[in-house]
Amino acid sequence: MAVLTINPDVENYVHEIDWKAGQADFEAMREQIVSLFEDSQLVILKNHPITVDTDLLGSFEVPNIKRYRELSYKQLLFPKLWKARDRGVMFGTFGLDVAKYLRVRAEVLRVNRELLRLLGIIFPSYRVEREQYSWRFLSTDYSVHPLHLDAFGSDEDRHYVRFFINLDRAPRVWRVSHRLDEMMRRHYQERSWGSYADMPANQFCDIVNDCFRENPDVPCHEVSFEQGDLWLLDTRTIPHGVLAGNRMVATHFWVDPQSMTNPAKRLDARIAALHARLGGTAQAAE
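Okay, so let's go over this structure. Worth saying up front: this structure is predicted, and the values here are computed from it rather than measured. (Residues numbered from 1 in each chain as written. Predicted model: local features only at pLDDT ≥ 70, side-chain atom pairs only at ≥ 80, totals over all residues. Heavy atoms only, no water.)

For the rest of this paragraph, the subject is the sheet that holds strand S7 (residues 159–166). In space, the 7 strands of this open sheet follow the order S2-S3-S10-S7-S12-S5-S4, with mixed pairing throughout. Because the sheet does not close on itself, it has two edges, and the strands there are strand S2 (14–18) and strand S4 (71–72). Of the strands in this sheet, S2, strand S3 (42–46), S7 and strand S10 (230–233) are in contact with helix H1 (residues 26–38), which crosses S2 at around 165°. Across the sheet, helix H5 (residues 98–122) is in contact with S3, strand S5 (128–136), S7, S10 and strand S12 (248–255); its angle to S5 comes to roughly 135°. (Pairing = 2+ DSSP bridges. Helix = DSSP H or I, 4+ residues; strand = E, 2+ residues; numbered from the N terminus. Contact = heavy atoms within 4.5 Å. Axes fitted to C-alpha atoms, helices over the stretch in contact; angles between N-to-C directions.)

The next point concerns the environment of Pro146. Examined against the element boundaries, Pro146 turns out to sit in the loop between strand S6 (140–141) and S7. Along the backbone, Pro146 and Pro216 are 70 residues apart, and their C-alpha atoms lie at a distance of 8.0 Å. Once residues within four sequence positions are removed from consideration, Pro146 is found in contact with His240 and Gly241.

It is worth spelling out the sheet that holds strand S8 (residues 172–176) at this point. With respect to topology, 5 strands assemble into an open sheet ordered S1-S9-S8-S11-S6, the strand pairing being antiparallel. In this open sheet, the two strands that pair with only one neighbour each are strand S1 (3–5) and S6. Sheet topology places S8 next to strand S11 (residues 240–245); 4 bridges connect them, and they run antiparallel. Along S11, the bridge assignment pairs Arg175 with Gly241.

Once that is clear, we can look at the pattern of salt bridges. Opposite charge on two side chains makes pairing possible when the charged atoms of those side chains draw close. Tallied over the full model, the rule gives 18 salt bridges. With a closest N to O distance of 3.3 Å, Asp206 and Arg213 form a salt bridge. Three or more residues are tied together by salt bridges with common partners; here these are Glu61, Asp168 and Arg247. (Salt bridge = Lys/Arg side-chain N within 4 Å of Asp/Glu carboxyl O.)

Once that is clear, we can look at the packing of aromatic side chains. As enumerated under the stated definition, the model contains 18 aromatic pairs in all. On the basis of an interplanar angle of 65° and a centroid distance of 5.4 Å, the ring pair of Phe94 and Tyr101 is categorised as edge-to-face. By relative accessible area, Phe94 is classed as buried at 9%. Arranged with centres 4.5 Å apart and planes meeting at 15°, the rings of Phe123 and Tyr126 form a pair that is stacked. Here Phe123 and Tyr126 have matching classes, each one buried. Residue placement shows Arg130 over the ring face of Trp254; its charged tip is 4.1 Å from the ring centre. The cationic tip of Arg247 hangs over the ring face of Phe60; the distance from NZ or CZ to the ring centre is 5.5 Å. (Phe/Tyr/Trp six-rings, centres within 6.5 Å; stacked < 30°, edge-to-face > 60°. Buried < 20%, exposed > 50% of the residue type's maximum accessible area, 1.4 Å probe, protein only. Lys NZ or Arg CZ within 6 Å of the ring centre and 35° of its normal.)

A separate point is helix H8 (residues 267–278). Compared with the 16 Å implied by 1.5 Å per residue over 12 residues, the 16 Å span of H8 between its first and last C-alpha is a close match. By the burial criterion, the buried members of H8 are Leu267, Asp268, Ala269, Arg270, Ile271, Ala272, Leu274, His275 and Leu278. Close packing links the buried residues of H8 with H1, helix H6 (180–187) and helix H7 (201–214). Phi turns positive one or two residues past the end of H8, at Gly279, with a value near 120°. (Expected span 1.5 Å × (residues − 1).)

Time to look at the environment of Met199. Relative to the elements of secondary structure, Met199 occurs in the loop between H6 and H7. When the C-alpha atoms of Met199 and Leu233 are compared, they prove to be 23 Å apart, with 34 residues separating the residues in sequence. In contact with Met199, other than residues within four places in its own chain, are Phe204 and Ile207.

Structure, rendered in structure tokens:
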């Protein structure tokens, strides 16, 4: 079970929901999760339905090379052995033990399917336009993954869902701080962010990241996720950094924003509304 250390200087937007206990009134629990998620909260799902063979996934070592830190599911499932990068990670990890690789491959496929299925259960209206899964088997720390908002550089108006599962025996320790909305309210005028009112929302997130790059000691909550813990959030609206962690899987689901329960809460509309309210020239998206 995740261990939380709440900083009183940061709004508490971390919520634990017991999936098993919620089955008594599943629809009410599901609606609560959706509401919290679309309100840009961090949801920890206790007793979730996904099982993972952590013994199998902890039984091999990936070569400790930076370019192998985050492996997409396609590299694991469909390695292009004529490419040095894919060949290096496959042979460096499994050698000639094809049977071991095939067991790992089957488990990765199964967990990917279960994560996509869970998204469909929690968010039945969401239309997934693209999916990706990132499997991480090397250690991560704050020098590798400092506090930041994800900023994907795209100008697309898309909703975004991420699930995370800690696969490792050691906790995965996150720091999370003031959310995007609060950062805009605090720094909008002093940093003249109104000049970015026409910038695509995904790109604007990286403008906000300047605050964290310049002041890495901002107040934070600390969350220690134990092995098997699952949590979900939109990482473009909640700044997060990894203090410690090893093996994990993270999803990347691109979702049609019009399929949200409340499309007005999508990132583009949220940032446009804040620009309009705080003095920018953009008008809130309809």
